[in-house]
Amino acid sequence: MNPVVIVGGGLSGLAAGVHLASRRIPVVVLEQKPAAGGRAYSFTDSVSGETVDNGQHLLIAGYTRTLRFLETIGTINQLMIQPRPCIVFHHPVRGFRVMDFGEVIARGTSDEIQGNERVIEAYLGPQWR
Ligand SMILES: Cc1cc2nc3c(=O)[nH]c(=O)nc-3n(C[C@H](O)[C@H](O)[C@H](O)COP(=O)(O)OP(=O)(O)OC[C@H]3O[C@@H](n4cnc5c(N)ncnc54)[C@H](O)[C@@H]3O)c2cc1C
């Protein structure tokens, strides 16, 4: 059987490839970049040295196919589940915004946010640092 050729090794291409391969259909995934993942990738911030996720940031329970894909490839246990969804945004000029279901619960510049650490920690737990 000739392999199915999938152009692009982003989430869609990888999920399609895994789906076909799990049904014993030969598949070739072509990716132009050196690493798979497409727009869902991480990089090391040159200033802080932190690993920054480009996406996916928001993964909700309704993403049934994504969750099934992660289960199939054996990485579902690596998801960090927030019991109370809350997102920290950072803009180089405007500073931080901590959103809790759309409500701003803390704001400030990178320096000022230090004073809000306790507020953020109350929502995110100690692992946010
Ligand atoms: C900053 C950011 C934040 C995001 N946050 C979220 C989020 O919180 N929640 C959410 O659900 N989604 C989020 N997204 C969107 C999500 O990342 C994308 O919807 C998803 O990753 C798209 O996957 P994809 O496989 O469809 O496309 P892509 O990830 O774009 O993959 C396409 C792949 O095809 C490759 N390609 C293209 N043309 C060729 C070619 N001719 N030959 C070989 N390879 C080729 C590309 O290099 C790429 O790797 C975010 C995206 C960004 C950029």
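Everything that follows concerns the structure shown earlier in this document.
None of the values given here were measured: they were computed from a predicted structure. Positions within a chain are numbered from 1, following the residues in the order the chain's sequence is written. Totals for whole chains, interfaces and linings use every residue, but because this is a predicted model, local features are given only for residues with pLDDT of at least 70 and side-chain atom pairs only at 80 or more, for both listing and counting.

Notes on the packing of helix α1 (residues 11-22) against helix α2 (residues 64-73)
Between α1 and α2, whose axes approach to 11 Å, the crossing angle comes to 60 degrees. One way to sum up the angle between α1 and α2 is to call them oblique. Considering the relative orientation of α1 and α2, their crossing is left-handed. The segment α1 lies against α2, with A15, V18 and S22 engaging F69, T72 and I73. Orientation is described by lines fitted to C-alpha atoms, with helices fitted over the stretch in contact, and by angles between N-to-C directions that extend from 0 to 180 degrees. Secondary structure follows DSSP: runs of H or I at least 4 residues long count as helices, runs of E at least 2 residues long count as strands, and numbering of each begins at the N terminus. In what follows, roughly perpendicular refers to angles from 65 to 115 degrees, roughly parallel to angles under 35, roughly antiparallel to angles over 145, and oblique to any angle outside these ranges. Crossing handedness is read from the near helix: turned anticlockwise from the far helix by less than a right angle, it gives a left-handed crossing, and turned clockwise, a right-handed one. Note on contacts: each residue gets a C-beta atom placed from the backbone, and two residues are in contact if those atoms are within 7 Å.

Looking at the site of the ligand
Neighbouring the ligand are 19 residues; G8, G10, S12, G38 and G55 lie closest to it. In terms of residues, the shell around the ligand owes the most to one element, α1, which gives three residues. Three classes are used: nonpolar for Ala, Val, Leu, Ile, Met, Phe, Trp, Tyr, Cys and Pro, charged for Asp, Glu, Lys and Arg, and polar for all others, with Gly counted as polar. Tallied by class, residues from the shell around the ligand come to five nonpolar, 11 polar and three charged. Whether a residue is near a molecule or strand depends on its C-beta atom, generated from backbone atoms, being within 6 Å of that molecule or strand.

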